[in-house]
Amino acid sequence: MKTTQNKHILGFTETELKSELKEMGIPAFRAGQLLGWIYNKGIINPDEMKNISKKDAENLQKNLRFEPLTMVTEQIAKDGTVKWLFRLHDGHDIETVFIPEPGRGTLCVSSQVGCTLNCRFCHTGTQGLARNLTHDEIVGQVWMAALRLGQWSDQPFDLKQHVENTGFDDPWMVEMLEKRPEKEEGLERARIISNIVFMGMGEPLFNWDNVEKANDTLMDKSTFGYGSRKITISTSGMVPNIGKIAQNLGVNLAISIHAPDNETRTKIMPINKKWDINELMAALRAFPLKQRRRITWEYVMLKDTNDSIKHAKMLLKLIEGIPSFVNIIPFNEWPGSPFKRSDAKTIEAFKNTISKAGIDVNVRRSRGSDILAACGQLRGETSKFNSISTEFPSVVMQYGTDQQKQKVSVKIVSE
Ligand code: SF4
């Protein structure tokens, strides 16, 4: 009998699937066929895969799990950012965010249900940790997002319709949708989501095994085939696992630094008591950066807390000699948040101090803040989504059951 102990199809690389199929008495060549349906056509139910025999489909259904994540809500912000609430098989909810920008589409995935770390500026941190995500649930977010974004044109979702409904008219996205070849096969179809960042709910390095396996799967040529440069793991400073990012995966590294000194950092990030800035920096200086790579430093700007010129200079000192990119994030306030956003002048002065020292720096444009999809705002509460959607123009799609293809009712909420 099939149980939740059964492995999920989205957790396999082609090599792993071949040996799994062998044990089930199914020829190994079926692995390529199965993954082709799933990742090139967006078909995940073996009964719908035309070149899989009924007998093999039954065998597969008996031994593996195929159900995708259940979409609870989907919200599109005024700037085109899409936030999904996905329900896991045990009823927990997680959030995944798609951020379209000119020339790239970034998917921000969650790695845990909630988070233990309680960074004081972070909405997710207020809810505690329920559990780690499994590796197939991490891949499942990418698969569902690709499905919802219309990557496989025979799927019912029509992003173009969403564009019309919401008035979202990012020229890149509109052009990409118009030019998308209807019958193109293969990996290029995956590129609506060009980049993946582990910056959603949770601390990825506290769930290393699953994050590592998910990355292996996402990078496998027979699945999405992402290159290591297209994936970024962001950590708040779980020192013991930082080296593994380079050794085992070779993907990009982002550090949520947020303060350049122990006193300030401990105030806003309790993890700094366990691994302080000195330990963190020692691990980072030992981190074997690949050629032409750099560390991204995430720095949320909290009014009168970490945003002075003095802090900027201390940050420069801290990262001296490390190929770096500083990403300044204007704080996105959420209900009950203990901090305020730094004013524009202060942010500009901080940025200029970094930039004058010859370090690449960017002030991140807040994306999706009207649907609480911006950095540090994720929380995973259905009720919150609903209350928010009455205030902002967005499209909310409700799926009442686990049925992937059930009729979608679209509710357009006006301003
Ligand atoms: S910022 Fe990241 S690590 Fe910190 S509480 Fe939020 S989700 Fe956890």
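Owing to the predicted nature of the structure, the values given are computational and were not obtained by experimental measurement.

Take the overall build of the protein next. Of the regular secondary structure elements, the protein holds 14 helices and 14 strands. Going through the 415 residues of the protein one by one, you find that 42% of them count as buried. Partitioning the contacts of the protein with sequence separation of at least 6, the portion at a separation of at least 24 is 67%.

All right, on to unusual backbone geometry then. Unlike most non-glycine residues, N118 shows phi in positive territory, near 55°. Here N118 is to be found in the loop between strand 5 (112-114) and strand 6 (129-132). Residue N118 is classed as partly exposed on the basis of its C-beta count, with 15 C-beta atoms lying within 10 Å. Phi at D304 takes a positive value of approximately 60°, unusual for a residue other than glycine. Its place among the elements puts D304 in the loop between strand 10 (295-301) and helix 12 (309-319). Classification of D304 as exposed rests on a count of 10 C-beta atoms within 10 Å.

Around the ligand there are twelve residues in total, and C115, L117, C119, C122 and G125 lie nearest to it. Of the residues that constitute the shell around the ligand, the class distribution is five nonpolar, six polar and one charged.

Further remarks concern the confidence of the model for the protein. Confidence in the prediction of the protein, expressed as mean pLDDT, is 82, and 78% of residues score 70 or more. This model gives residues 381-415 a pLDDT under 50, and the stretch forms 55 contacts once residues within four places in sequence are excluded.

Turning to the nonpolar core, a few remarks are in order. With 86 residues, the main nonpolar core has V142, A145, I193, I196 and L218 as its most contacted residues. Domain assignment of the residues forming this core places at least three in each of domain 1 (9-63) and domain 2 (70-413). The contacts of V142, once residues within four sequence positions are left out, are L107, V109, I193, I196, L218 and F224.

Here we come to the sheet that holds strand 9 (residues 252-256). In a beta sheet, neighbouring strands are held together by backbone hydrogen bonds and run either parallel or antiparallel to one another. What the ten strands build is an open sheet, ordered 1-2-3-4-7-8-9-10-11-12; its pairing is mixed. Edge strands, defined here as strands with exactly one partner in the open sheet, are strand 1 (70-76) and strand 12 (360-363). The sheet shows a mean angle of 20° between the axes of neighbouring strands, taken without regard to direction. For strand 11 (residues 324-330) and strand 12, the ladder comprises four bridges, and the chain directions are parallel. Opposite F325, over in strand 12, you have D360 as the bridge partner.

With that out of the way, let us pick up the environment of M314. Looking at the secondary structure, you find M314 in helix 12. Given 16 C-beta atoms within 10 Å, M314 falls into the partly exposed group. Among all residues touching M314, those that are not within four sequence positions of it are P260 and D261.

Right, let's talk about the packing of helix 12 against helix 13 (residues 344-356) for a bit. Where helix 12 contacts helix 13, the two axes come as close as 9 Å, and the packing angle between them is 30°. One element, helix 12, and the other, helix 13, form an angle in the roughly parallel class. Judged by the twist between their axes, the crossing of helix 12 over helix 13 is right-handed. Contacts between helix 12 and helix 13 involve I309, A312, K313 and L316 on the former and, on the latter, A349, F350, T353 and I354. Here the residues of the contact of helix 12 with helix 13 are counted per class, giving six nonpolar, one polar and one charged.

Turning to the pairing of strand 8 (residues 231-235), a few remarks are in order. Taken across its five residues, strand 8 has four buried, putting it largely inside the fold. Two elements, strand 7 (residues 195-198) and strand 8, share three bridges in a ladder whose sense is parallel. Looking at the pairing, I196 lines up with I231 of strand 8. Handedness of the crossover is the feature at issue here: the chain leaves strand 7, passes through helix 7 (residues 208-219), returns alongside strand 8, and the resulting connection is right-handed. The sheet contact formed by strand 8 and strand 9 spans four bridges and is parallel. Bridging across to strand 9, I233 finds its partner in L253.

Conventions adopted
- Residues numbered from 1 in each chain as written.
- Predicted model: local features only at pLDDT ≥ 70, side-chain atom pairs only at ≥ 80, totals over all residues.
- Helix = DSSP H or I, 4+ residues; strand = E, 2+ residues; numbered from the N terminus.
- Buried ≥ 20, exposed ≤ 12 C-beta atoms within 10 Å, placed from the backbone.
- Contact = placed C-beta atoms within 7 Å.
- Near = placed C-beta within 6 Å.
- Nonpolar A, V, L, I, M, F, W, Y, C, P; charged D, E, K, R; others polar.
- pLDDT = per-residue confidence, 0-100.
- Core = buried A, V, L, I, M, F, W, Y, C linked by C-beta atoms within 7 Å.
- Domains from an automatic or database assignment.
- Pairing = 2+ DSSP bridges.
- Axes fitted to C-alpha atoms, helices over the stretch in contact; angles between N-to-C directions.
- Parallel < 35°, antiparallel > 145°, perpendicular 65-115°, else oblique.
- Left-handed = near helix turned anticlockwise from the far one by under 90°.
- Right-handed = clockwise from strand over helix to strand, strands pointing away.

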